[in-house]
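Analysis of the macromolecular model
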Amino acid sequence: MAVVDFDMSMAPDLAGSDAIEGLRPEIENAHRLLTEKTGAGNDFLGWYDLPFKLGEEYGRVKAAAERIRKDSQVLVVVGIGGSYLGARAVIETLTDPFANAKALAGEGGTAVIFAGNSISPGYLSSVLDVVKDRDFSVNVISKSGTTTEPAVTFRFFKELLEKKYGREGAAKRIYATTDKARGACKKMADAEGYETFVIPDDVGGRFSVLTPVGLLPIAVAGIDTDALVNGAKEAFNEYQSCDLKTNPCYAYAAARTALYRSGKAVELLVNYEPGLHYLTEWWKQLYGESEGKDGKGLFPAGCDFTTDLHSMGQYIQDGVRLMFETAVEVRTPATDLIIGSDADDYDGLNYLSGRGMDFVNKQAAKGTAMAHVDGGVPNLKISIEKLDARGIGGLIYFFERACAVSGYMLGVNPFDQPGVEAYKKNMFRLLGKPV
């Protein structure tokens, strides 16, 4: 069975039409640019076959994770954007939603808490308060070491660690994931004696989940990183053909391109599992930074259903017809609950007695898709068998590869992000940063 499946039968303008098949030459060209590494941004294609070349450092990542799990009740991951979203997506998808609370209560495991992804003093104060009386370690993730949000945040944790454990003791609890040779973070790590892991030069942040950027915190959370990587390897092997009938990744890239060219401006990624919320956040960065250039690109948005049907459902159903939905389906739940019978049946739900919650969830998904399609919102569906490491590893690679192909079809460089510097220039000027 494929790691990831794709279905566009509920996108009426695409299913059974020539719209997708007509994109075959463009798909083949994008595939060639990607596999021959001749397209724009080809110096950032290290992610392409990354699962097969993790090397010796991967062993050090797992060893460091085991040390952290033994000596720390908390790991604070300091990073922003691609330096935290991928790891958080995998961790929140594959662990108990209350894992951190249980770890902080001393019930086993190491809590993984993220900081440095905002400049909020309130949030940072709360994290500092959580760790001040607990044994903790820090994983600072920054290629340059000068990105404002994580750099400012790290100062606070470095100071607290040195007060708590002394300078030498703190150095043993700080792990720097950074450039292999240059930058402020690398210089500091070498001077202080922190263990370092490399952010590869040819892998951009939003594509870095399967590098030490993501793998160290994911391993600390107790997730099987070998299964995660193997899921990505399986996906890689499945996407070698340009046949849109057998390559779900390229079929997805073609479908979203066709819908964009038909006038759709927004792709809404939806899920019916709360644990997938941060996978959507990672996906939003992946596609937003990769495609939003030169006045082009779908706007990537997300909703958690059925929750958001009670807030955004009205707009999706009856608002401006500018979007299509891509739903992520999990075919087999990790667990299920059977609905019981109530003698009084005040809520009128006895007709569901004996049914599983997953059955209700699946029917809600089907009913929602039918309603939205009737309302003019095409629906695409991406499916994985389970919320497990294999499935999520495959899904990560599926989205990464489809993003690269979509970007080339759009006519942009999918691997740069020139626009993100604009706000920084204004911020630095307002802060009075020396030129």
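If you're wondering where the values come from, they're calculated on a predicted model, not measured in any experiment.

Moving on, we get to helix 2 (residues 55-71). A rise of 1.5 Å per residue sets the reference length of helix 2, with its 17 residues, at 24 Å; its end C-alpha atoms lie 26 Å apart and thus fit the reference within 8%. Listed as buried for helix 2 are E57, Y58, V61, A64, A65 and I68. When helix 2 is viewed along its axis, its buried side chains cluster within an angular range of 120 degrees and face the same direction. Facing away from the buried side of helix 2 by more than 90 degrees, the exposed set consists of E56 and K70. Each element contacted by the buried residues of helix 2 is listed here: strand 2 (74-78), strand 4 (136-141), strand 5 (174-178), strand 6 (195-198), helix 8 (212-220) and helix 9 (225-238).

Positionally, Y351 belongs in the loop between strand 9 (323-330) and helix 13 (357-374). Of the residues examined, Y351 reaches a relative accessible area of 62% and is grouped as exposed. Remark: the alpha-carbon pair of Y351 and D18, spanning 333 residues in sequence, is separated by 44 Å.

Residues M312, Y315 and V320 make up a contiguous nonpolar surface patch of roughly 270 Å² in combined accessible area. Relative to the assigned elements, Y315 resides in helix 12 (residues 313-318).

Criteria and cut-off values
Residues numbered from 1 in each chain as written. Predicted model: local features only at pLDDT ≥ 70, side-chain atom pairs only at ≥ 80, totals over all residues. Heavy atoms only, no water. Helix = DSSP H or I, 4+ residues; strand = E, 2+ residues; numbered from the N terminus. Expected span 1.5 Å × (residues − 1). Buried < 20%, exposed > 50% of the residue type's maximum accessible area, 1.4 Å probe, protein only. Arc of directions from axis to C-beta. Contact = heavy atoms within 4.5 Å. Patch = residues over 30% accessible without salt bridge, like charges linked within 9 Å, V, L, I, M, F, W, Y side chains within 5 Å. Areas by Shrake-Rupley, 256 points an atom, 1.4 Å probe, with all protein chains shown as cover. Salt bridge = Lys/Arg side-chain N within 4 Å of Asp/Glu carboxyl O.

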